[in-house]
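Given next are the chains, with one letter for each unit.
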Amino acid sequence: MKSGTVAVIGRANAGKSTLVNVLVGEKVAIVSPKPQTTRDRILGIATRETYQIVFADTPGLYKRRNALTDIMMKTTAVTSRDVDVILFVHDGHAGLHEEDIALIKQYAALGVPMLIAYTKIDIMPKERIPADVRTLYEAGVSCDVYPVSARKGQNLARLEAGIVAALPEGDRLFPDDVVSDKSEKFMVAELMREKILLKYDEEIPHGVAVVVNRFERRENGTCAIDLDIVCEKANHKAILIGKQGAALKEVASFARADMEKFLGAKVFLTVYVKVREDWRDRARLIREFGYGEEER
Ligand SMILES: Nc1nc2c(ncn2[C@@H]2O[C@H](COP(=O)(O)OP(=O)(O)OP(=O)(O)O)[C@@H](O)[C@H]2O)c(=O)[nH]1
Ligand SMILES: [Mg+2]
């Protein structure tokens, strides 16, 4: 059978995690309209009868701003090195610029078989697609380009077949029923962060880490979860909590609903908001919050 690892690389907000989720068939990575949603390498595993694809979703390529983004970019660089295939995800709807072409060529030059998923075709004029593909070929990019929409499920079977064709022969790397390398506790923290990304302006979620202090499945089938939302400044804490706690109550309730769906259990959620001044520039705190390591 065919089996191997595929690094999913691209600019922040390109649609990498959305694509991985739909190809895996389950939500393994959170998604939001804001850049820098993914902070860790997350494996999403698609197992079919004749092949297994291990996708490694990565933090999107983004200008470095602090110690946390440095670590995220390192995670992406390390992930792209040791894989069988690179799937470069390009947001077609955002246009094809010089910098995109340079980035694509930089990854193509690594010597790993590479495919390009040209995504979000559902929200762009179709006639731009062949023009962009031609521009890429004329710039010397020789890998196959697959126009897709993860949201509308367009052309995904063809992309998947292209990935499988590029994989080596080998045994499964994971058992059939495993879809991710991350724990339930990790996903619970991520679901909380996803709701914060969706509700608040960019500055707040980018400075937030979520730390789960208690994750307890009880005998009666319920789940008790205590977590800290760690932010960078006292005024961020005030915004997160909102007037009489209304904002926090709303965001926690959205998160709890998703946690219940994910865990298949009733969740009792307790949320605290804490301030750790400028934690994104403090290596010890970044490590303490679980970033920059393979496992959390
Ligand atoms: N219309 C449309 N929107 C999409 C598609 N794929 C992703 N999106 C949207 O694009 C935004 C970014 O998606 P993500 O999957 O979080 O992007 P990402 O590349 O993982 O982003 P980072 O983790 O920040 O690097 C979200 O609002 C998605 O809903 C698509 O095929 N069509
Ligand atoms: Mg992502």
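As a reminder, the structure under discussion sits directly above these lines.
First, a word on what this report is: a plain description of the structure on this page. (Residues numbered from 1 in each chain as written. Chains lettered and ligands numbered in written order. Predicted model: local features only at pLDDT ≥ 70, side-chain atom pairs only at ≥ 80, totals over all residues. Heavy atoms only, no water.)

The secondary structure content of the protein amounts to 10 helices and 9 strands. Its C-alpha atoms give the protein a radius of gyration of 20 Å, within 12% of the compact-globule value 19 Å for 296 residues. In terms of overall dimensions, the protein has C-alpha extents of about 60 × 40 × 35 Å along its principal axes. Burial statistics for the protein: of 296 residues in total, 52% are counted as buried. The long-range share in the protein, meaning contacts at least 24 apart out of those at least 6 apart in sequence, stands at 72%. Summing over all exposed atoms, the protein offers an accessible surface of approximately 13,800 Å²; the carbon and sulfur share of this is 50%. (Helix = DSSP H or I, 4+ residues; strand = E, 2+ residues; numbered from the N terminus. Rg over C-alpha atoms; globule rule 2.2 N^0.38 Å. Buried < 20%, exposed > 50% of the residue type's maximum accessible area, 1.4 Å probe, protein only. Contact = heavy atoms within 4.5 Å. Areas by Shrake-Rupley, 256 points an atom, 1.4 Å probe, with all protein chains shown as cover.)

All right, on to empty space enclosed by the protein then. Summed over all chains, the structure comprises 1 cavity of 30 Å³ or more. Here the largest cavity is characterised by a volume of approximately 60 Å³. Lining of the largest cavity is provided by Gln36, Arg39, Asn66, Leu68, Thr69, Met72, His206 and Arg280. Here the lining of the largest cavity takes 3 residues from helix α2 (residues 67-81), the largest share from any one element. The residue inventory of the lining of the largest cavity, partitioned by class, reads 2 nonpolar, 4 polar and 2 charged. (1 Å grid on protein atoms, 1.4 Å probe; cavity = no way out; pocket = protein on both sides within 12 Å on 5 of 7 lines; lining within 4 Å. Points joined across faces, edges and corners; volume = space filled by probe spheres on them. Nonpolar A, V, L, I, M, F, W, Y, C, P; charged D, E, K, R; others polar.)

Where strand β7 (residues 209-217) meets strand β8 (residues 223-231), 8 bridges bridge the pair, whose relative direction is antiparallel. Residue Val211 lies in a different strand from β8, and its bridge partner there is Asp228. A loop of 5 residues connects β7 with β8, the two strands running antiparallel in sequence, and Gly221 in this loop sits at a positive phi of about 90°. (Pairing = 2+ DSSP bridges.)

On to the coordination of the magnesium ion (ligand 2). The protein atoms that coordinate the magnesium ion (ligand 2) are Ser17 (OG) and Thr38 (OG1), at distances of 2.0 to 2.1 Å. Of the two residues, Ser17 is situated in helix α1 (residues 16-24) and Thr38 in the loop between α1 and β2 (42-47); the sequence distance between them amounts to 21 residues. Of the two residues, Ser17 and Thr38, both sit in the buried class. (Donors = N, O, S within 2.8 Å, 3.2 Å for Na, K, Ca; no water.)

Our next topic: the site of ligand 1. Surveying the vicinity of ligand 1 reveals 24 residues, the closest of which are Lys16, Thr18, Gln36, Thr37 and Asp122. Residue Gly60 places a main-chain N or O atom 3.1 Å away from an oxygen atom belonging to ligand 1. If ligand 1 stood free it would expose 650 Å²; the protein chains cover 94% of that surface. Residue contributions to the shell around ligand 1 peak at 3 residues, all from α1. Residue classes in the shell around ligand 1 are distributed as 7 nonpolar, 11 polar and 6 charged. (Near = heavy atom within 4 Å. Polar contact = N/O pair within 3.5 Å; in protein donor to acceptor, adjacent residues only side chain to side chain.)

The next subject is the sheet that holds strand β3 (residues 51-57). Pairing is mixed in the open sheet, where 6 strands are placed in the order β2-β3-β1-β4-β5-β6. Here the strands that pair on one side only, and so sit at the sheet edges, are β2 and β6 (145-147). Along the sheet, successive strands turn relative to each other by an average axial angle of 25°, direction set aside. As paired strands, strand β1 (residues 2-10) and strand β4 (residues 85-91) are joined by 5 bridges and run parallel to one another. Note on β4: the bridge partner recorded for Ile9 is Phe88. (Axes fitted to C-alpha atoms, helices over the stretch in contact; angles between N-to-C directions.)

Further remarks concern the nonpolar core. What tends to happen in soluble globular proteins is that the nonpolar side chains get buried as a cluster. Counting 34 residues, the largest nonpolar core has Phe88, Tyr107, Met114, Ile116, Leu136, Trp279 and Phe289 as its most contacted members. Here this core spans two domains, and each of domain 1 (2-166) and domain 2 (184-288) adds at least three residues to it. Not counting the four nearest positions on each side in its chain, Trp279 is found in contact with Arg39, Leu68, Gly207, Val208, Ala209, Val230, Cys231, Glu232, Leu285, Ile286, Phe289 and Tyr291. (Core = buried A, V, L, I, M, F, W, Y, C linked by side-chain atoms within 4.5 Å. Domains from an automatic or database assignment.)

Quick look at helix α9 (residues 246-263) now. Over its 18 residues, α9 extends 25 Å from the first C-alpha to the last, a length consistent with the 26 Å expected when each residue adds 1.5 Å. Those residues of α9 that fall on the buried side of the exposure criterion are Ala247, Leu248, Val251, Ala252, Ala255, Asp258, Met259 and Leu263. Buried residues along α9 cover an arc of 125° about the axis, so they all sit on one side. α9 presents Lys249 and Lys261 as exposed residues on the side facing more than 90 degrees away from its buried surface. Where α9 is buried, its residues meet α6 (184-199), β7, β8, α8 (234-241) and β9 (267-275). Looking one or two residues beyond α9, the residue adopting positive phi is Gly264, at roughly 65°. (Expected span 1.5 Å × (residues − 1). Arc of directions from axis to C-beta.)

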